[in-house]
Amino acid sequence: QVQLVESGGGLVQTGGSLRLSCAASGSIFRTNAMAWYRQAPGKQRELVAAITSTGATDYADSVKGRFTISRDNAKNTVHLQMNSLKPEDTAVYYCNAKAVTYVSLVPRDYWGQGTQVTVSS
């Protein structure tokens, strides 16, 4: 199995910054794409940013130019640097990893427990 543990959420004022981190552990053979999703109250979960194992990135239009996703393949970690935060960024942020384990060679989606980000106006 794979466990994802997020950290770095919290309360920040408009215009502030936060850095989220996610560490994957367990019987990991390889992690493919890693990503951050978010879910605001009453809304569907949405993709915020994704990064492949080779470093290619993709961002939601709403965060382009403000958020930066990065990863450390050796440590199986992914980070999300969030700058110029807005109240509409308030949500629970979830780490996602598509991983192959030593138990199953089929890539599967794994999720963290979520971390709250609140941006006050």
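Okay, so let's go over this structure.

Reading the values: the criteria
- Residues numbered from 1 in each chain as written.
- Predicted model: local features only at pLDDT ≥ 70, side-chain atom pairs only at ≥ 80, totals over all residues.
- Heavy atoms only, no water.
- Helix = DSSP H or I, 4+ residues; strand = E, 2+ residues; numbered from the N terminus.
- Rg over C-alpha atoms; globule rule 2.2 N^0.38 Å.
- Patch = residues over 30% accessible without salt bridge, like charges linked within 9 Å, V, L, I, M, F, W, Y side chains within 5 Å.
- Areas by Shrake-Rupley, 256 points an atom, 1.4 Å probe, with all protein chains shown as cover.
- Salt bridge = Lys/Arg side-chain N within 4 Å of Asp/Glu carboxyl O.
- Contact = heavy atoms within 4.5 Å.
- Pairing = 2+ DSSP bridges.
- Axes fitted to C-alpha atoms, helices over the stretch in contact; angles between N-to-C directions.
- Buried < 20%, exposed > 50% of the residue type's maximum accessible area, 1.4 Å probe, protein only.
- Polar contact = N/O pair within 3.5 Å; in protein donor to acceptor, adjacent residues only side chain to side chain.

### Overview of the overall build of the protein chain
- Secondary structure summary: the protein chain contains zero helices and eleven strands in total.
- Its helices and strands in sequence order give the protein chain the pattern β-β-β-β-β-β-β-β-β-β-β, from N to C terminus.
- Its C-alpha atoms give the protein chain a radius of gyration of 14 Å, near enough to 14 Å, the size a compact globule of 121 residues would have.
- Each of the three principal axes of the protein chain carries a C-alpha extent, and together these read 45 × 25 × 20 Å.

### Here's the deal with a nonpolar patch on the surface
- On the surface, Phe-29, Tyr-102 and Leu-105 cluster together into a nonpolar patch covering about 400 Å² of accessible area.
- Mapped onto the elements, Phe-29 comes out in strand 4 (residues 28–39).

### With respect to the environment of Leu-85
- Following the sequence through the fold, Leu-85 ends up in the loop between strand 8 (77–82) and strand 9 (91–101).
- Sequence separation between Leu-85 and Leu-18 is 67 residues, and the spatial gap between their C-alpha atoms is 8.2 Å.
- Discounting residues that sit within four places of it in the chain, Leu-85 has contacts with Val-12, Thr-14, Gly-15, Gly-16, Ser-17, Leu-18, Arg-66, Phe-67 and Val-119.

### Focus on the environment of Arg-108
- Inspection of the secondary structure assignment puts Arg-108 in strand 10 (residues 108–111).
- Distance from Arg-108 to Thr-31, taken between C-alpha atoms, is 9.5 Å for residues 77 residues apart in sequence.
- In this structure Arg-108 touches Gln-1, Ala-97, Lys-98 and Ala-99, once residues within four positions along its chain are discounted.

### Concerning the sheet that holds strand 3 (residues 18–26)
- With respect to topology, four strands assemble into an open sheet ordered 1-3-8-7, the strand pairing being antiparallel. Pairing within the sheet leaves two strands with one partner each, and these edge strands are strand 1 (2–7) and strand 7 (67–72). Averaged over all pairs of adjacent strands, the angle between strand axes in this sheet comes to 15 degrees, irrespective of strand direction.
- Sheet topology note: the strand 3/strand 8 ladder contains six bridges and is antiparallel. Counterpart to Ala-23 in the pairing with strand 8 is Thr-77.

### Remarks on the pairing of strand 7
- The two faces of strand 7 differ: Phe-67, Ile-69 and Arg-71 on one face are buried, but Thr-68, Ser-70 and Asp-72 on the other face are not.
- With six bridges joining them, strand 7 and strand 8 adopt antiparallel strand pairing. Paired with Thr-68 across the strands is Gln-81, a residue of strand 8.
- With antiparallel pairing between neighbouring strands as the criterion, strand 7 and strand 8 make up a hairpin whose turn holds four residues, including Asn-76 at a positive phi of roughly 55 degrees.

### Topic: the side chain of Thr-101
- By the element assignment, Thr-101 lies in strand 9.
- According to the relative accessible area criterion, Thr-101 is buried, its value standing at 3%.
- Of note is the side chain of Thr-101, whose polar atom sits 3.3 Å from the backbone nitrogen of Val-103.
- Within the structure, Thr-101 has its side chain in polar contact with the backbone nitrogen of Ser-104 (distance 3.0 Å).
- Look past the residues within four positions of Thr-101 in its chain and what remains in contact with it is Val-2, Ser-27, Ile-28, Phe-29 and Tyr-110.

That is the geometry; function is a separate question.
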